Amino acid sequence: GDDHSRSTFGGTHDPTFEFQRMKDEMEETIRQLELENSQLHDKIEDLATRSSEVGASRDSGDKLRQKFIELNSRYEVTQNKLQDANTENHSLIHALKKREQQDQARNAEYHRMKAALQKTEAELHNAKAIARSALVKVEELTMDNIEKTSALDEGMNSATVPPIK
């Protein structure tokens, strides 16, 4: 089984799998952003420490301040991306749970309808058996009636018509 060929009741593409795939991708993005966030935070702390230690060179201090501002800006951008990813992840989880509930309800309805169909099929089978039995009985009664009528007719004909000599 290829995961992309899974299907649900009705034969349509499985959105639960798609939500799960998107959720996994979002979690990986969050892990990467958290790692980058941590690395940037460490660099900022390192630069802050170095800039306080290096006071000798004005150019060096300016470069460090520039680097500090750049890294701090990247850190904030990463923080915002991380927040956006978390928000989207929560939305996907909510949608996935809702979809799972819908799938469970649809599955329960499918099983209820299947049981009702089996019951109806059994009732239909019984009704057919009763109808066949009734038809056989009607046929037997009709044949008995025809035989009795024929016998009576023969009996009357032989009693009223004199035999030929």
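Predicted model, so just to flag it, every value in this text is computed and none were measured. (Residues numbered from 1 in each chain as written. Predicted model: local features only at pLDDT ≥ 70, side-chain atom pairs only at ≥ 80, totals over all residues. Heavy atoms only, no water.)

**Q** Go over the overall build of the protein chain with me, naming the residues and quoting the values.
**A** Across its full length, the protein chain holds two helices and zero strands. Counting across all 165 residues of the protein chain, residues that qualify as buried make up 15%. Here the contacts in the protein chain between residues at least 6 apart in sequence split such that 73% fall between residues at least 24 apart. For the protein chain, the computed accessible surface area is about 13,200 Å², with 55% contributed by carbon and sulfur atoms. (Helix = DSSP H or I, 4+ residues; strand = E, 2+ residues; numbered from the N terminus. Buried < 20%, exposed > 50% of the residue type's maximum accessible area, 1.4 Å probe, protein only. Contact = heavy atoms within 4.5 Å. Areas by Shrake-Rupley, 256 points an atom, 1.4 Å probe, with all protein chains shown as cover.)

**Q** So what about the environment of Gln32? Which residues, and what values?
**A** Within the secondary structure, Gln32 sits in helix 1 (residues 15–53). Classification of Gln32 by relative accessible area gives partly exposed; the value is 48%. Gln32 sits 50 residues away from Leu82 along the chain, and the two C-alpha atoms are 9.2 Å apart.

**Q** Describe the confidence of the model for the protein chain, and please don't skip the residues or the numbers.
**A** Confidence in the prediction of the protein chain, expressed as mean pLDDT, is 83, and 82% of residues score 70 or more. Of the regions scoring below 50 in pLDDT, residues 1–10 engages in 11 contacts with residues more than four places distant in sequence or in other chains. (pLDDT = per-residue confidence, 0-100.)

**Q** I'd love a proper account of the environment of Glu88, names of residues and values included.
**A** Relative to the helices and strands, Glu88 is located in helix 2 (residues 58–160). Here the alpha-carbon distance between Glu88 and Met22, two residues 66 residues apart in the chain, equals 9.9 Å.

**Q** So, the nonpolar core: which residues are in play, and what are the values?
**A** Counting residues in hydrophobic clusters, the biggest one holds six residues: Met26, Ile30, Leu33, Leu82, Ala85 and Leu92. Of all the secondary structure elements, the ones that give two or more residues to this core are helix 1 and helix 2. Leave out the neighbours within four places in its chain, and Leu33 touches Thr78, Lys81, Leu82 and Ala85. (Core = buried A, V, L, I, M, F, W, Y, C linked by side-chain atoms within 4.5 Å.)

**Q** Could you give me a rundown of the pattern of salt bridges, with the residues and numbers involved?
**A** The tally for this structure, following the rule as stated, stands at nine salt bridges. For the salt bridge of Glu18 with Arg21, the shortest nitrogen-to-oxygen distance reads 2.4 Å. With Glu18 and Arg21 both in helix 1 and three residues apart, the pair spans about one turn of that helix. On the basis of relative accessible area, Arg21 is assigned to the partly exposed category, the value being 28%. Each of Glu18, Arg21 and Glu25 takes part in one network of salt bridges that share partners. (Salt bridge = Lys/Arg side-chain N within 4 Å of Asp/Glu carboxyl O.)

**Q** I'd like to hear about the side chain of Arg99, residue by residue, with values.
**A** Looking at the element boundaries, Arg99 is found in helix 2. For Arg99, a relative accessible area of 19% puts it in the buried group. Sequence-distant contacts of Arg99, defined by excluding residues within four places in its chain, comprise Pro15, Thr16, Phe19 and Arg106.

**Q** Talk me through a negative patch on the surface; I want residue IDs and the actual numbers.
**A** There is a patch of like negative charges on the surface, built from Glu139, Glu140, Asp144 and Glu147. Checked against the element boundaries, Glu139 lands in helix 2. On the accessibility criterion, Glu139 (57% relative accessible area) is exposed. (Patch = residues over 30% accessible without salt bridge, like charges linked within 9 Å, V, L, I, M, F, W, Y side chains within 5 Å. Lys, Arg positive; Asp, Glu negative; His and termini not counted. Charge placed at Lys NZ, Arg CZ, Asp CG, Glu CD.)

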